[in-house]
Amino acid sequence: MNKLLLASTSTLFGQPYLSYLLPELKTFFHGVQCILFVPYARPGGCSENEYTLKVRKAFAQINIDVIGLDEVSDPRAALDHAQGIFTGGGNTFLLVKRLYDLKLMDSLNLALDRGVPYLGTSAGSNICGLGMHTTNDMPIVHPSSLMTLGRVPFNLNAHYIEPDKNSTHMGETRETRIREFQCQQKITVVGLPEGTWLRVSDSEIYVRGQHPAVVFKPDETRFEVDSDSILDL
């Protein structure tokens, strides 16, 4: 089973943390009294405990309690009993390394197999793809594998951005980077602009939010899927 909400970002410009998603999350986590938070991608300058407190404050607005994996003695047991799960953003390499080092990748997948609702933002969304190869993050640590949960049949590129046509910057665009990856691995990549998310229910995937998702299939022309449409690959 799959019950996923995979968002490009946790925070939109000028808005508080998670505020743009809270109306959707109230429905998505209906009936859930407490979620388990995975803080292992922790942003620079923020401890895992500080990250958990930040998430707890946000979810209090929709009357959902939060327990961080940093607060429990047995993370695998906590995942076995989770009512809902949220993996936050930060650095995907760090997140994946921590999940493998703590032997939690399989435990997380088993929870999702049971239909536990899962929210990912940024790095937390990236790990639901086949692999984390198309993250924008720098490899600040080395995980034992780049393969991730494989909950959706493609890779994700969170924070996807189109090039500024007025810019004089001559570096590679995001699309160029994705196509470089596809020269090596024939895997579809879905770019999620800021304010866009995927709502996954079993095998059905819907695009939600402010902007279309951008789909890159290997050796094919890119195309867009509008919000409130099915992502049919």
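Heads up: the structure comes first, above all this text.
How each quantity is defined
- Residues numbered from 1 in each chain as written.
- Predicted model: local features only at pLDDT ≥ 70, side-chain atom pairs only at ≥ 80, totals over all residues.
- Heavy atoms only, no water.
- Buried < 20%, exposed > 50% of the residue type's maximum accessible area, 1.4 Å probe, protein only.
- Helix = DSSP H or I, 4+ residues; strand = E, 2+ residues; numbered from the N terminus.
- Arc of directions from axis to C-beta.
- Contact = heavy atoms within 4.5 Å.
- Pairing = 2+ DSSP bridges.
- Axes fitted to C-alpha atoms, helices over the stretch in contact; angles between N-to-C directions.
- Phe/Tyr/Trp six-rings, centres within 6.5 Å; stacked < 30°, edge-to-face > 60°.
- Lys NZ or Arg CZ within 6 Å of the ring centre and 35° of its normal.
- Core = buried A, V, L, I, M, F, W, Y, C linked by side-chain atoms within 4.5 Å.
- Disulfide = S-S within 2.5 Å.

Participant: Which residues make up helix H7 (residues 174-184), and what are the values?
Facilitator: Of the positions making up H7, those classed as buried are Ile 178, Phe 181 and Gln 182. The buried residues of H7 occupy one face: seen down the axis, they fall within an arc of 100°. In H7, those exposed residues whose orientation departs by more than 90 degrees from the buried face are Cys 183 and Gln 184. Of the surrounding elements, those touching the buried residues of H7 are strand E6 (155-158), strand E7 (189-192) and strand E10 (213-216).

Participant: Can you tell me about the pairing of strand E9 (residues 204-209), naming the residues and giving the values?
Facilitator: As defined by bridge partners, strand E8 (residues 196-201) adjoins E9 across six bridges and the pair is classed as antiparallel. If you follow Trp 197 over to E9, its bridge partner there is Arg 208. The turn linking E8 back onto E9 is made up of two residues, and Asp 202 within it adopts a positive phi angle of 55°.

Participant: Give a description of unusual backbone geometry that names residues and reports values.
Facilitator: The phi dihedral of Asn 63 is positive, around 60°, even though this residue is not glycine. Tracing the chain through its elements places Asn 63 in the loop between helix H2 (48-59) and strand E3 (65-68). Positive phi, normally seen in glycine, also occurs at Asp 219, with a value near 65°. Topologically, Asp 219 is positioned in the loop between E10 and strand E11 (223-225).

Participant: Quick one: what's the story with the sheet that holds E8, residue by residue and with numbers?
Facilitator: Spatially, E3-E2-E4-E5-E1-E8-E9 is the arrangement adopted by the seven strands of the open sheet, whose pairing is mixed. Pairing within the sheet leaves two strands with one partner each, and these edge strands are E3 and E9. Between one strand axis and the next, the sheet turns through 20° on average, direction left out of account. The sheet contact formed by strand E1 (residues 3-7) and strand E5 (residues 118-121) spans four bridges and is parallel. In the strand pairing of E5, Leu 4 is matched with Tyr 118. Each of E1, strand E4 (85-87) and E5 is contacted by helix H5 (residues 105-113), which is oriented at about 135° to E4, the strand it contacts most.

Participant: So what's going on with the packing of aromatic side chains? Residues and values would help.
Facilitator: One pass over the structure, following the stated rule, counts seven aromatic pairs. Geometrically, the ring pair formed by Phe 28 and Phe 29 is edge-to-face, given 4.9 Å between the ring centres and 75° between the ring planes. Judged on exposure class, the residue Phe 28 and its partner Phe 29 are both buried. Cluster of aromatic residues (ring-pair linked, three or more members): Phe 28, Phe 29, Phe 37, Tyr 51, Phe 59 and Phe 86. Taking the ring centre of Tyr 40 as reference, the NZ or CZ of Arg 98 above it sits at 4.5 Å.

Participant: Break down the environment of Gln 210 for me, with residues and values.
Facilitator: Tracing the backbone shows Gln 210 in the loop between E9 and E10. With relative accessibility at 52%, the residue Gln 210 sits in the exposed group. Sequence separation of Gln 210 and Arg 222 is 12 residues, and the distance between their C-alpha atoms is 19 Å. Setting aside residues no more than four positions away along its own chain, Gln 210 makes contact with Leu 12, Glu 194, Gly 195 and Thr 196.

Participant: Got a sec to walk through the nonpolar core? Specific residues and values, please.
Facilitator: One finds Ile 85, Leu 99, Tyr 118, Leu 198 and Leu 231 to be the most contacted residues of the largest nonpolar core, which totals 42 residues. For this core, the element with the most residues is helix H4 (residues 92-101), which contributes five residues. Excluding anything up to four places from it in sequence, Leu 99 contacts Val 38, Tyr 40, Leu 104, Met 105, Leu 108 and Ile 127. Judged by nonpolar contacts, the second largest core, of 25 residues, contains Leu 25, Phe 29, Cys 46 and Val 66.

Participant: Go over the state of the cysteines with me, naming the residues and quoting the values.
Facilitator: By the definition in use, this model includes zero disulfides. Looking at Cys 128, it has no disulfide partner, and the nearest cysteine sulfur is the one in Cys 34, 19 Å off. Look at Cys 128 and you get buried, because its relative accessible area is 0%.

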